[in-house]
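An overview of the molecular structure
Listed here are the chains, written in short residue letters.
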Amino acid sequence: MAVVVLQHAPGEGSRAVGSALEAARLDMRVHRGWEGGRLDGLTGVDALVVTGAPNAIHSAERSRGAELELLRGALAAEVPVLGVGIGAQLLAVAAGGAVRHGQDAGIGRGTVRTAPAAGSDPLFAGVPPEPSRLRYWHGDTVDLPAGAVVLASDERRRVRAFRIGGSAWGLHFPVEADTWAGDGPARSTPEQLPGLLLARFAALVTARAEHTATRAFFTRRADAWEDRFSYQTPAYEAAVARMELGRGQTAMDLGCGTGRAMPALRAHVGSEGTVLGVDVTLAMLTAAARSGRTASGQLLLADCTRLPVPSASVHGIFAAGLVDHLPRPRTALREWARVSTADGTLLLFHPAGRIERAARHGRPLSPDDPLAEPNLRPMLDATGWHLTTYDDAERHFLARAVPAR
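Residues numbered from 1 in each chain as written. Predicted model: local features only at pLDDT ≥ 70, side-chain atom pairs only at ≥ 80, totals over all residues. Heavy atoms only, no water.

A short note on the pattern of salt bridges
Basically, it comes down to this: Basic side-chain nitrogens of Lys or Arg form a salt bridge, by our definition, when they fall within 4 Å of a carboxyl oxygen of Asp or Glu. Each helix corresponds to a stretch of at least 4 residues labelled H or I by DSSP, and each strand to a stretch of at least 2 residues labelled E; elements are numbered beginning at the N terminus. Relative accessibility decides the category of a residue: with a 1.4 Å probe and only protein chains considered, values under 20% of the type maximum give buried, values over 50% give exposed, and everything between is partly exposed.
The tally for this structure, following the rule as stated, stands at 17 salt bridges. Here Arg242 and Asp391 are joined by a salt bridge, their closest N and O atoms 3.4 Å apart. Of this pair, Arg242 sits in the loop between α6 (233-241) and β13 (250-254) while Asp391 is found in strand β18 (residues 385-392), placing the two residues 149 residues apart along the sequence. On the accessibility criterion, Arg242 (35% relative accessible area) is partly exposed.

Side note on helix α9 (residues 329-339)
Note on helix geometry: an α-helix contains 3.6 residues per turn, so any two residues three or four positions apart are oriented the same way. Definition in use: Note that the arc is computed from the directions linking the helix axis to the C-beta atoms. By definition, residues are in contact when any of their heavy atoms lie within 4.5 Å.
Turning to α9, its buried residues number three or more, namely Pro329, Ala332, Leu333, Glu335, Trp336 and Val339. Across the axial projection of α9, the buried residues extend over an arc of 160 degrees, all falling on one side. On the buried face of α9, the contacting elements are β13, β16 (314-320), β17 (340-350), α11 (373-382) and β18.

Things to note about the side chain of Glu226
Test applied: Pairing of N or O atoms within 3.5 Å defines a polar contact, subject to two protein rules: one partner must be a possible hydrogen donor and the other a possible acceptor, and residues neighboring in sequence count only if both atoms are side-chain atoms.
Mapped onto the secondary structure, Glu226 falls in helix α5 (residues 222-229). Here the side chain of Glu226 touches Thr258 through a polar contact of 2.6 Å, side chain to side chain. Residues in contact with Glu226, not counting those within four places in the same chain, are Thr258, Arg260, Ser291 and Arg293.

Here we look at the packing of aromatic side chains
Keep this limit in mind: Planes of paired rings set the category: under 30 degrees apart is stacked, over 60 is edge-to-face and the rest tilted, where pairs are Phe, Tyr or Trp rings (Trp by its six-membered ring) whose centres lie within 6.5 Å. Lysine and arginine charges are scored as sitting over a ring when NZ or CZ, respectively, is within 6 Å of the ring centre and within 35 degrees of the ring normal.
Throughout the structure, instances matching the rule amount to eight aromatic pairs. Residues Phe218 and Trp225 carry aromatic rings whose centres are separated by 5.4 Å and whose planes lie at 70 degrees to one another, so their mutual orientation is edge-to-face. Both rings, one in Tyr390 and one in Phe397, keep their centres 5.4 Å apart while their planes meet at 85 degrees; by these two values the pair is edge-to-face. Here Tyr390 falls in the partly exposed class, since its relative accessible area comes to 23%. Ring pairing ties together the aromatic residues Phe217, Phe218, Trp225 and Phe229, which thus form one cluster. Positioned over the ring face of Phe217 is Arg221, at 3.6 Å from the centre of the ring.

Digging into the confidence of the model for the protein chain
Let me state the cut-off plainly: Values of pLDDT, ranging from 0 to 100, describe the predictor's confidence in every residue of the model.
Residues of the protein chain with pLDDT of at least 70 account for 84%, and the chain-wide mean is 84. Counting interchain partners and residues more than four positions distant, the pLDDT-below-50 stretch residues 54-63 has 14 contacts. Residue range residues 177-191 is modelled with pLDDT below 50. Its contacts to residues more than four positions away, or to other chains, number 31 contacts.

A look at unusual backbone geometry
With a phi angle near 60 degrees, Glu78 is a residue other than glycine that sits in the positive phi range. As for its position among the elements, Glu78 is in the loop between α2 (57-77) and β4 (81-84). Residues other than glycine seldom take positive phi values, yet Glu244 does so here, at roughly 55 degrees. With respect to the helices and strands, the residue Glu244 is situated in the loop between α6 and β13. Under the relative-accessibility criterion, Glu244 is labelled exposed at 64%.

Structure below.
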């Protein structure tokens, strides 16, 4: 896993950030804004950290356009972002906010209080309402975009910490060890609180890594996905027909993307049935809604290994091109067995056979492929399923399973 750190001044925040990332065993790639150079995209990036102090504003301005573009891409793909100082300002601007530059430039100390929303925030939960006297830059004011959450403010009600969405945080103060002045046994010591915030961010990056890469990959492709693969719709319809769903039942399209299976699922369960399209990438669900899939069912943003649906409630689970991309397929299959009814059906599908897909990517078939029958059958047996059909044809892959009796 790699975290890209965008710096605007030598050493600014590097010691504290680097220590937190090293402790979490995360690789750090540093882009030094004052040196110029090209900013790469989000491929292979598990998180962004943007740091900078007021004396780095000129280097920030030189690279601002490229950084704003990168930050907007990260926000869209839900790649975790931590903005510190000038980095917090850039994050706010990237999300549609603004920065007002004040005349009282420099570094001072003031009382900072956490906001009510901090109590449920992944980074700030448990931080005291008035954690300490905070060293901060007291000249600039961050005006947040609509929907942003204030986590801490100073005595002038200027925002000092905020969250945008569920994956981006801005800290409008330094994070080195002397940021906080400890003030009694109930309060954090200088070393504890900044370290706590950074350690929690690093832990969040680690926990979300498997989804971050997926979201980054599919977000930038979501707008063109439907047009690119609409020709596969007949193959999806034929595969859904083999599930033998009944009217009034509940069907789920897992890893639905733009929801190409949803109209066929609706046709089989009828108007009295329920169709759910589930995906972990918001951009894909947005594209699905734009393509009219909400006429066929409900779209749900969720992790397929932790489905927010009751046990034994789904009669048919359709998963196209999903299992072989999951880092923990057994965990997913157990979860799907949990939500399946006793007479349910699981259909694993791809509109191309395994040989064709391997050739398309210029590689031979791997004996470790989870969809190879010698691997798939025991994996299904171990997770509550019984394989009834295995059809690895030239132009499609299809495996049908039912709950083990």
